[in-house]
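Listed below, chain by chain, are the residues.
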Amino acid sequence: MSVERQDRTPLPAKAAQHVQVAREDVARQEKAPPRVRMSRKTREALAGYAFLSPWLVGLVGLTLGPMIYSLYLSFTRYNLLSPPQWRGLDNYRAMLHDPRFLHSVGVTLRYAIVVVPGILVVSLALAMVLNLGIRFLPFYRAAFYLPSLVGASVAVSLLWRQMFSSEGVFNAALAVFGIQGRTWIGDPQTALYTLMLLSIWTFGAPMIIFLAGLRQVPKELYEAAEVDGAGAVRRFFSVTLPMLSPLIFFNVLLTTVNALQAFTPAYVVSNGTGGPADSTLFYTLYLYQRGFTRLDMGYAAAMAWVLVVVLAIFTAVMFATARFWVHYGDER
Amino acid sequence: MSTSAPPARTPARALSPIFPKRPSRSRLVRGVARHILLILVLFLVLYPLLWMLSASFRPANQTFGTLGLWPSGFTLDNYRVGWNYGTLQFSKYFLNSLVISVLCILGNILSCSLAAYAFARLEFPFKRVLFAFVLGTLLLPYQATLVPQYVLFNHLAWINTILPLVVPKYLATDAFFVFLMVQFIRTLPRELEDAAKLDGCGHLGIFARIVVPLTIPAIGTTALFTFIRTWDDFLGPLLYLNDPNKWTVTVGLNGFLDTTGVSAFGPLFAMATLSIAPIVGFFLVAQRMLIEGVATTGIK
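About the criteria used
Residues numbered from 1 in each chain as written. Chains lettered and ligands numbered in written order. Predicted model: local features only at pLDDT ≥ 70, side-chain atom pairs only at ≥ 80, totals over all residues. Helix = DSSP H or I, 4+ residues; strand = E, 2+ residues; numbered from the N terminus. Buried ≥ 20, exposed ≤ 12 C-beta atoms within 10 Å, placed from the backbone. Contact = placed C-beta atoms within 7 Å. Expected span 1.5 Å × (residues − 1). Bend = angle between axes of the 7 residues up to and from the residue. pLDDT = per-residue confidence, 0-100. Nonpolar A, V, L, I, M, F, W, Y, C, P; charged D, E, K, R; others polar. Core = buried A, V, L, I, M, F, W, Y, C linked by C-beta atoms within 7 Å. Domains from an automatic or database assignment. Axes fitted to C-alpha atoms, helices over the stretch in contact; angles between N-to-C directions. Left-handed = near helix turned anticlockwise from the far one by under 90°.

Draft legend 1. View of the overall build of chain A. Along the backbone of chain A there are 14 helices and 2 strands. Going through the 332 residues of chain A one by one, you find that 37% of them count as buried. Once local pairs closer than 6 in sequence are excluded, the contacts in chain A between residues at least 24 apart make up 69%.

Here is the structure:
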């Protein structure tokens, strides 16, 4: 996960001078008496906190403080206009009996269950093809990444809305094959699938990560497997997958977290309603509606906390099970 | 291809895994076939974007339910009409988006690099605990602070200003970029800083004159991804900017849905194309940096 210095140009001339001066100084300093240690340490600590101060203000004022306040709000009824009223666990209890809440959980889970494996399979397959030693690799890599770059934008969501409407491009394509189309985005049966397709379309980032990983797999492993008589399928399952498992872990974690937080496409495609017939009512969209359309801040805060806890549990489970299926190079 | 391969004489099990050396001609054929296949897949993947580009130049009298990419007429009318469509004024929206993006980029670079320098190079009490918070907030969903931050900004009377979108960036709330820069600064050689220290340079001097210039690659990655995220952001402006004069491009685009029906596809796609043009443009210019950023950090 570390970033390397990308340019290998020599350090600035001025910096080089500093190095020279430093070497002479170190030589000189070895004879000099040591400075007072405490004061230097204190000064460094003060400098540290000075440098950190914007971040600290942000952490306390915009992250931790608000989260604690939101936990409090989740036990209240609050509409921004009159002060919060303590309601205990009412909001949490209401969730269990709120059909739209339960429905939004279902929609979001179905979405994630299709989208996460979909993105992983497509991105890994393309990364493997691109890793065959193909010419113009930078071109292909960049071009396949393009949808990732714009996929979450309002522009593409609007485009999707047109493409899968009754007079859209998708139906025109089906007509070429003589298939009768339908209003994909206006039909509760199919609307969610169009959003899943939109998400899988943005496979570029995981693909680039896999591609970088595939290039790190030592060639000897494949050669050894070949000598041992392993076919292409066997090599994939016994060499490629285990060697990529840290990246698979990483991509599963990221795509799942992203899928559970999806908002813009559903909002734009359904014009903020989550329709048709609540078929695209993502968790976050419902949270938005409760909090900012109906000004039910307490309920929205409770929903946010449920999401935080669920994501925390999911992340913890992922890390806890990692040692059973994630292989790091030095184990072998 | 299999017919051209000579029949194996030796026990098949032993030798078959090792690919026989193919003649270079079949190799060439295979290479070309691969490229044709890849280009087909690529065309399919990029088709929606190409279609949108073509639709933005299509004359108003043509239907938009066609597959073809080559318009039978070519017009810039959609751009002219879309730029001021009904009550929508895209000159304002682009300016607003630009101002917010530039302010956010500056904020993120400034605050994240300051914090990163402290974590990477300075010793102070509770450093480990505080750094754990950086890691802990990396995966924190934005929904966690959505409601209480709104309440806070409402209390400060910041609704309908750009402050809720910009000020958090000056307080390094994007933990990801702090983390990115910490990792980067840790890889820099310490000798330069030690030398500067002995020359009597303070921490601020070391930071500004030595660390920042050497951290340019990570700063560039931060700037680029901050730009993409801010420019694309929809929920933030939707929540905080209610006055149409303060809308950003994303909210303005969504406004097409509120004001009109199906008839305005031409101007809509013209503005949609314009709205992603800066992102695609930056991508083409800084492509290598962006791809390496993704490959090494997994940012999206």
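From this point, the narrative continues.
Draft legend 2. Structural view of the overall build of chain B. Each helix and strand in chain B was counted, giving 15 helices and 0 strands. Sequence separation of 24 or more characterises 73% of the internal contacts of chain B that already satisfy a separation of 6 or more.

Draft legend 3. View of helix H14 (residues 265-285) of chain B. All names here are of chain B. Between its terminal C-alpha atoms H14 stretches 30 Å, which fits the 30 Å expected from 21 residues at 1.5 Å a residue. Along H14, the sharpest change in direction is near 35° and occurs at Ala-277; proline Pro-278 comes one to four residues later. Inspection of H14 places Phe-265, Gly-266, Pro-267, Leu-268, Phe-269, Ala-270, Met-271, Ala-272, Thr-273, Ser-275, Ile-276 and Phe-283 among the buried residues, and these make up the whole buried set.

Draft legend 4. Fine view of the confidence of the model for chain B. All names here are of chain B. Per-residue pLDDT for chain B averages 86, and the proportion of residues at 70 or more is 88%. Taken element by element, the predicted model of chain B shows its lowest mean pLDDT in helix H1 (residues 12-15) (43) and its highest in helix H7 (residues 163-166) (97). Across the whole predicted complex the pTM is 0.85, and at the interface the ipTM reaches 0.85.

Draft legend 5. Structural view of the interface of chain B and chain A. Contacts between chain B and chain A engage 87 residues on the former and 90 residues on the latter. No other element matches helix H6 (residues 143-155) of chain B, which puts 10 residues into the side of chain B that touches chain A. Partitioning the side of chain B that touches chain A into residue classes produces 59 nonpolar, 19 polar and 9 charged.

Draft legend 6. Up close: the environment of Leu-138 of chain B. Residues and elements named next belong to chain B. Counting through the fold element by element, Leu-138 comes out in helix H5 (residues 127-138). With 12 C-beta atoms packed within 10 Å, Leu-138 lands in the exposed category. Setting aside residues no more than four positions away along its own chain, Leu-138 makes contact with Ala-175, Phe-176 and Phe-179.

Draft legend 7. Summary view of the nonpolar core. Membership of the largest hydrophobic core comes to 149 residues, with the highest contact counts inside it found for Ala-304 of chain A together with Ala-115, Val-178, Met-181 and Ala-272 of chain B. Broken down by element, this core gets its largest block of residues, 12 residues, from helix H4 (residues 90-121) of chain B. Viewed by domain, this core spans two of them, domain 1 (13-60) and domain 2 (93-331) of chain A, each represented by three or more residues.

Draft legend 8. Local environment of the environment of Ser-165 of chain A. Residue and element names in this part refer to chain A. Relative to the helices and strands, Ser-165 is located in the loop between helix H6 (154-163) and helix H7 (169-176). Owing to 21 C-beta atoms within 10 Å, Ser-165 belongs among the buried residues under this scheme. Between the C-alpha atom of Ser-165 and that of Arg-182, which follows or precedes it by 17 residues, the distance is 7.7 Å. With residues up to four places along the chain from it excluded, the contact list for Ser-165 reads Thr-183 and Ile-185.

Draft legend 9. Broad picture of unusual backbone geometry. Residues and elements named next belong to chain A. With an omega dihedral of 0°, the bond running from Gly-275 to Pro-276 counts as a cis peptide bond. Along the polypeptide, Pro-276 turns up in the loop between helix H12 (264-269) and helix H13 (283-293). Within the chain, Asp-278 stands out as a residue other than glycine whose phi angle is a positive 60°.

Draft legend 10. Structural detail: the packing of helix H4 (residues 99-130) of chain A against helix H11 (residues 232-260) of chain A. Residue and element names in this part refer to chain A. Their axes nearest at 9 Å, the elements H4 and H11 cross at an angle of 145°. In terms of crossing hand, the pair formed by H4 and H11 is right-handed. Packed against H4, whose contacting residues are Thr-108, Tyr-111, Ala-112, Val-115, Val-116, Ile-119 and Leu-120, the element H11 presents Asn-251, Val-252, Thr-255, Thr-256, Ala-259 and Leu-260 at the interface.

Draft legend 11. Fine view of the packing of H4 of chain A against helix H8 (residues 191-201) of chain A. Residue and element names in this part refer to chain A. Two elements in contact, H4 and H8, have axes separated by 9 Å at closest approach and are oriented at 35°. In terms of crossing hand, the pair formed by H4 and H8 is right-handed. Contacts between H4 and H8 involve Val-107, Arg-110, Tyr-111, Val-114, Val-115, Gly-118, Ile-119 and Val-122 from the former and Leu-192, Leu-195, Met-196, Ser-199 and Ile-200 from the latter. In terms of residue class, the contact of H4 with H8 is made up of 10 nonpolar, 2 polar and 1 charged.

Draft legend 12. Molecular detail of the confidence of the model for chain A. Residues and elements named next belong to chain A. This prediction gives chain A a mean pLDDT of 87; 87% of its residues lie at or above 70. Taken element by element, chain A is modelled with least confidence in helix H1 (residues 13-29), mean pLDDT 53, and with most confidence in H4, mean pLDDT 96. Note on residues 1-11: pLDDT is under 50 here. Beyond four places in sequence and across chains, it has 18 contacts.

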